[in-house]
Amino acid sequence: MLDTRTQIEDLRLEVFAATADMAAAAAAGTAEVLTRAVAERGAARVVIATGNSQLAFVTALAGYDVPWSKVTVFHMDEYVGIDANHPASFRRWIRERIAAPFGPARVEYIDGEASDVEAECARYEALLREAPIDLTCMGIGENGHLAFNEPGQADFDDARWVRQISLTPESLHQQVGEGHFPDVDAVPPTAISLTVPALLSARHVQVVAPEKRKAAAVRNTLTLPIDASCPSTILRRTANATLYLDADSAGDSLDLLPA
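Now for a quick tour of the structure. Since this is a predicted model, take the numbers as computed values, not measurements. (Residues numbered from 1 in each chain as written. Predicted model: local features only at pLDDT ≥ 70, side-chain atom pairs only at ≥ 80, totals over all residues. Heavy atoms only, no water.)

## Describing the overall build of the protein
- For the protein, the helix and strand inventory stands at seven helices and eleven strands.
- Computed over its C-alpha atoms, the radius of gyration of the protein comes to 17 Å, within 12% of the 18 Å expected for a compact globule of 259 residues.
- Overall size of the protein, expressed as C-alpha extent along the three principal axes, is 55 × 45 × 35 Å.
- Looking at the 259 residues of the protein, the share that counts as buried comes to 56%. (Helix = DSSP H or I, 4+ residues; strand = E, 2+ residues; numbered from the N terminus. Rg over C-alpha atoms; globule rule 2.2 N^0.38 Å. Buried < 20%, exposed > 50% of the residue type's maximum accessible area, 1.4 Å probe, protein only.)

## Re empty space enclosed by the protein
- All told, the structure shown has one cavity of 30 Å³ or more when counted by the stated rule.
- Considering only enclosed or pocket space, the largest cavity measures out at about 240 Å³ in volume.
- Taken together, 20 residues make up the lining of the largest cavity; nearest its centre are Thr-50, Asp-77, His-145, Ala-147 and Gln-174. (1 Å grid on protein atoms, 1.4 Å probe; cavity = no way out; pocket = protein on both sides within 12 Å on 5 of 7 lines; lining within 4 Å. Points joined across faces, edges and corners; volume = space filled by probe spheres on them.)

## Things to note about the environment of Tyr-244
- Tracing the backbone through its elements, the reader meets Tyr-244 in strand S11 (residues 241-246).
- Sequence-wise, Tyr-244 and Gln-206 are 38 residues apart; in three dimensions their C-alpha atoms are separated by 7.7 Å.

## Quick word on the sheet that holds strand S4 (residues 71-75)
- Taken together, the eight strands give an open sheet; going across it, the order is S1-S2-S11-S10-S7-S3-S4-S6, and neighbouring strands pair in mixed fashion. Looking at which strands have only one partner, the edges of the open sheet turn out to be strand S1 (4-8) and strand S6 (106-108). Sheet twist, expressed as the average angle between the axes of neighbouring strands with direction ignored, equals 20°.
- Pairing analysis gives three bridges linking strand S3 (residues 44-48) to strand S7 (residues 135-138), with the strands arranged parallel. Note on S7: the bridge partner recorded for Val-46 is Leu-135.
- In this fold helix H4 (residues 117-128) packs onto S3, S4 and S6, with an angle of close to 145° to the strand it touches most, S4. (Pairing = 2+ DSSP bridges. Axes fitted to C-alpha atoms, helices over the stretch in contact; angles between N-to-C directions. Contact = heavy atoms within 4.5 Å.)

## Side note on the packing of aromatic side chains
- This model, assessed by the stated rule, comprises six aromatic pairs.
- Arranged with centres 5.8 Å apart and planes meeting at 80°, the rings of Phe-74 and Tyr-124 form a pair that is edge-to-face. In this pair, Phe-74 is assigned in strand S4 and Tyr-124 in helix H4, connecting sequence segments 50 residues apart.
- Phe-74 sits in the buried class, given a relative accessible area of 1%.
- Both rings, one in Phe-90 and one in Phe-148, keep their centres 6.1 Å apart while their planes meet at 45°; by these two values the pair is tilted. Of the two residues, Phe-90 is situated in helix H3 (residues 90-102) and Phe-148 in the loop between S7 and strand S8 (162-166); the sequence distance between them amounts to 58 residues. You'll find Phe-90 and Phe-148 in the same group, each marked buried.
- Grouped by ring-pair contacts, the aromatic residues Tyr-79, Phe-90, Phe-148 and Phe-181 constitute a single cluster.
- Directly above the aromatic system of Trp-161 lies the positively charged group of Arg-129, at a separation of 4.2 Å from the ring centroid. (Phe/Tyr/Trp six-rings, centres within 6.5 Å; stacked < 30°, edge-to-face > 60°. Lys NZ or Arg CZ within 6 Å of the ring centre and 35° of its normal.)

## Remarks on the environment of Gly-51
- Along the chain, Gly-51 turns up in the loop between S3 and helix H2 (55-61).
- A relative accessible area of 10% means that Gly-51 is categorised as buried.
- Taking C-alpha positions, Gly-51 is 17 Å from Val-218, a pair spaced 167 residues apart along the chain.

See the structure below:
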């Protein structure tokens, strides 16, 4: 039932009984994609999600040989108005968990403190569009958001690749629940986020979604109609995407897996 591979529409699933095995499989996939990109084109470009659900994967990634000196790293969102050294800053997450231990050739940061948010969105979009993205490494929010593309706000055909968004109450509570903020009032209400088309533009899309708190979102991803009310459903139309689950996150979806 677990430790299995299957496919639902265009989306490939890899499901593991142990979180460590899920993380290792995702890390191996990342290493393979980035190493092949460097071998074929001399460089690689990767978008990496932040957050608690990505910690096991990033920890496992340290065990794989990746030519980081040829890799440019982007992240996918940042709160508007937050300091780069704030404990919840996604810039800090990338700096401490990717830049410092791995030493990539370049890290492009979203400036959440920019005085002109629209100009910062345009600047970061231009950087993303300079060359193809080889890999997007992301998760799924508890309400089905991708990056901070929220239910009802996400646009699967957005012409923009980066824009300012407003967090839903569910996302505000998720940030508190993960321990990043003391209460909902402390969470910045807006963020700069890559859009769905930007995330899915990569040659490969890797979605790592462990933990019991993601089980309902995973079930919705795999079963609800594909529309913006649950942004992660678009993954079922993404032929270059693989969703990695552990026993906890797959727990509500066992009937969809091979016997």
